[in-house]
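Chain by chain, the residues:
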Amino acid sequence: MRRNRSFYFLITLFVVLIGILSRKIDSIPLFIGDVLYAVMVYFGCRVLFVHFVHSKKIIVPLVICYLIELQQLSDASWLVSIRNTTLGHYALGQGFLWSDLVCYAVGVGIGFLLDYKTVRF
């Protein structure tokens, strides 16, 4: 399969839909949403950077996820006001958790494996 932005965009939208559904179903553990968040960031990066080399395909989305998690340690008023909005809450989260860093690593790994199996780069 050829690498193209529309393919990765559709996968990103599908992962967003699954992530939203995972938060609405009580029997699904919350960490699944964090894993799906990282998968979404992985494929979102693939939309923007279709021709990344292998190492950047993993490093860039992982750094983005980690930076988003680390910004939750900040209590800057402008940042808190963004996080208090619905979209800001979904995009930036609310509280720092070490376990989220593990979930993000797993999610980026899953995204990479799915990408590898479907695209065969």
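You'll find the structure just up there.
Figured I'd write up the structure that's included with this text. Computed from a prediction, not measured in an experiment: that's the story for all the values here.

A separate point is the nonpolar core. Ranked by internal contacts, the top residues of the largest apolar core, which has 22 residues, are Y8, F43 and Y104. Elements with a minimum of two residues in this core: α1 (5-24), α2 (30-48), α3 (54-70) and α6 (98-119). Counting residues per element, this core draws most heavily on α2, at 9 residues. Ignoring anything within four residues of it in the chain, the contact list for Y104 reads D34, Y37, A38, L62, C65, Y66 and E69.

Where nonpolar side chains cluster on the molecular surface, the patch consists of I58, I59, V63, L67, L70 and L73 and spans about 530 Å² of accessible area. Position of L70 relative to the elements: it lies in helix α3. A relative accessible area of 43% places L70 in the partly exposed class.

This paragraph deals with the state of the cysteines. A full pass over the atoms with the stated rule returns 0 disulfides. No disulfide involves C65; its sulfur sits 7.8 Å from that of C45, the nearest cysteine. Residue classification places C65 among the buried residues on the basis of a relative accessible area of 0%. In this model C103 remains outside any disulfide bridge; the closest cysteine sulfur is found in C65, 11 Å from its own.

The relative placement of two aromatic rings is captured by the distance of their centres and the angle of their planes. All told, the structure shown has 6 aromatic pairs when counted by the stated rule. Judged by centre distance (5.3 Å) and plane angle (70°), the ring pair of F7 and Y8 falls under edge-to-face. Y8 gets classed as buried once you look at its relative accessible area, which sits at 0%. With 5.1 Å between their ring centres and 85° between their planes, F96 and W98 make a pair best called edge-to-face. Following the ring pairs from residue to residue traces out a cluster consisting of F7, Y8, Y42 and F43.

Closest axis-to-axis distance for the α2/α3 pair is 9 Å, and the angle between their directions is 130°. Taken together, the axes of α2 and α3 lie oblique to each other. The two elements α2 and α3 meet at a crossing, and its hand is right-handed. Along the contact surface, α2 presents Y37, A38, V41, Y42, C45 and R46, while α3 presents K57, V60, P61, I64, C65 and I68. Partitioned by chemical class, the residues of the contact of α2 with α3 number 10 nonpolar, no polar and 2 charged.

The rules behind these values
Residues numbered from 1 in each chain as written. Predicted model: local features only at pLDDT ≥ 70, side-chain atom pairs only at ≥ 80, totals over all residues. Heavy atoms only, no water. Core = buried A, V, L, I, M, F, W, Y, C linked by side-chain atoms within 4.5 Å. Buried < 20%, exposed > 50% of the residue type's maximum accessible area, 1.4 Å probe, protein only. Helix = DSSP H or I, 4+ residues; strand = E, 2+ residues; numbered from the N terminus. Contact = heavy atoms within 4.5 Å. Patch = residues over 30% accessible without salt bridge, like charges linked within 9 Å, V, L, I, M, F, W, Y side chains within 5 Å. Areas by Shrake-Rupley, 256 points an atom, 1.4 Å probe, with all protein chains shown as cover. Salt bridge = Lys/Arg side-chain N within 4 Å of Asp/Glu carboxyl O. Disulfide = S-S within 2.5 Å. Phe/Tyr/Trp six-rings, centres within 6.5 Å; stacked < 30°, edge-to-face > 60°. Axes fitted to C-alpha atoms, helices over the stretch in contact; angles between N-to-C directions. Parallel < 35°, antiparallel > 145°, perpendicular 65-115°, else oblique. Left-handed = near helix turned anticlockwise from the far one by under 90°. Nonpolar A, V, L, I, M, F, W, Y, C, P; charged D, E, K, R; others polar.

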